[in-house]
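# Residue-level structure breakdown
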Amino acid sequence: MEVRRLQKLEEDARSACNSSKMWDEFVLQHELGTIHQLSCWGRFQEKVPSRGKYWILVVEEGGVIVGGTMLVRFRLPFGLCWLYACRGPVLEYLDSAGLEVIVDEAKKIARQEKALFMRIDPPLQQGGVRMKGMRGVEGFQPEQTLMVELREGESAILAQMK
């Protein structure tokens, strides 16, 4: 298993655009995939002044994407920051090798960016992910979400919220 970074600058290049598209397709097809892991979300986050940077880490096996995550930088005072994998990583959690290579690569980014910590927030049931050097904390994102069809009338929308 290998991990590689999809570089922001590569998104303009033909091969990287394909890589970014392949990542997005992987996220959209994965049961744990959410908008928070798509490349367009990274480009949006990059424009938020308190963030400004993102990385997509892709785990490949035999040239096929088997997992990965998007990391977004959150700026702190004094040139420090923290890194966040919102609703990620997206991978098969029964095999810890993918998570380990992601964390190893994220540590390199954390050192370069002077990050105090990294937060992962995969959309898993309670119990979540346990790994050496990590500890569980309350979720940063809501633990449960509700998708509501907004094209219906008001009474139908309210009925969906019960």
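These remarks concern the structure in this document.

Parameters and conventions
- Residues numbered from 1 in each chain as written.
- Predicted model: local features only at pLDDT ≥ 70, side-chain atom pairs only at ≥ 80, totals over all residues.
- Heavy atoms only, no water.
- Helix = DSSP H or I, 4+ residues; strand = E, 2+ residues; numbered from the N terminus.
- Buried < 20%, exposed > 50% of the residue type's maximum accessible area, 1.4 Å probe, protein only.
- Contact = heavy atoms within 4.5 Å.
- Areas by Shrake-Rupley, 256 points an atom, 1.4 Å probe, with all protein chains shown as cover.
- Polar contact = N/O pair within 3.5 Å; in protein donor to acceptor, adjacent residues only side chain to side chain.
- Phe/Tyr/Trp six-rings, centres within 6.5 Å; stacked < 30°, edge-to-face > 60°.
- Core = buried A, V, L, I, M, F, W, Y, C linked by side-chain atoms within 4.5 Å.
- Pairing = 2+ DSSP bridges.

A word on the overall build of the chain. Helix and strand content of the chain: four helices and six strands. If you list the helices and strands of the chain from N to C, you get β-α-α-β-β-β-β-α-β-α. Within the chain, the proportion of its 162 residues that are buried is 41%. Considering only contacts within the chain whose residues lie at least 6 apart along the sequence, 56% involve residues at least 24 apart. Counting every atom, the chain has about 10,500 Å² of accessible surface; 53% of that belongs to carbon and sulfur.

Time to look at the environment of Arg-75. Mapping Arg-75 onto the fold places it in strand S3 (residues 64-75). Here the alpha-carbon distance between Arg-75 and Gly-52, two residues 23 residues apart in the chain, equals 8.1 Å. Setting aside its immediate chain neighbours within four residues, Arg-75 contacts Pro-49, Ser-50, Arg-51, Gly-52, Leu-80 and Cys-81. Among the polar contacts listed, one links the side chain of Arg-75 to the backbone oxygen of Pro-49, at a separation of 2.5 Å.

Moving on to the packing of aromatic side chains. Inspection of the entire model under this criterion finds six aromatic pairs. Relative to Tyr-84, the ring of Trp-82 has its centre 5.7 Å away and its plane inclined at 45 degrees; by these criteria the two rings are tilted. Aromatic rings pair up to connect Phe-74, Trp-82, Tyr-84 and Phe-117 into one cluster.

If you look at soluble globular proteins, the nonpolar side chains tend to sit buried side by side. The biggest cluster of nonpolar side chains holds 19 residues, and the ones touching the most others in it are Trp-55, Leu-57, Leu-71, Leu-83 and Ile-109. Residue assignment for this core shows that the elements contributing at least two residues are strand S2 (54-61), strand S4 (81-86), helix H3 (96-113) and strand S6 (115-121). It is H3 that contributes the most residues to this core, seven residues altogether. For Leu-83, the contacting residues outside a window of four places in its chain are Trp-55, Leu-71, Val-72, Arg-73, Ala-106, Ile-109, Ala-110, Ala-115, Phe-117, Met-118 and Arg-119.

With that settled, consider the pairing of S2. Counting buried residues in S2 gives seven out of eight residues, a clear majority hidden from the surface. Here five bridges tie strand S1 (residues 2-6) to S2, and the two strands are oriented antiparallel to one another. From the neighbouring strand, Val-3 faces S2, where its bridge partner is Val-59. Note: S2 against S3, eight bridges, orientation antiparallel. Bridging across to S3, Trp-55 finds its partner in Leu-71. Connecting S2 to the next strand, S3, in antiparallel fashion are two residues, including Gly-62 with a positive phi near 60 degrees.

Turning to the environment of Val-66, a few remarks are in order. Looking at where Val-66 falls in the secondary structure, it is placed in strand S3. Taking relative accessible area as the criterion, Val-66 reaches 28% and is therefore assigned partly exposed. The spacing of Val-66 and Phe-26 is 40 residues in sequence and 8.2 Å in space, taken between C-alpha atoms. If we ignore the near neighbours within four places in the chain, the residues touching Val-66 are Met-1, Phe-26, Val-59, Glu-60, Glu-61 and Leu-91.

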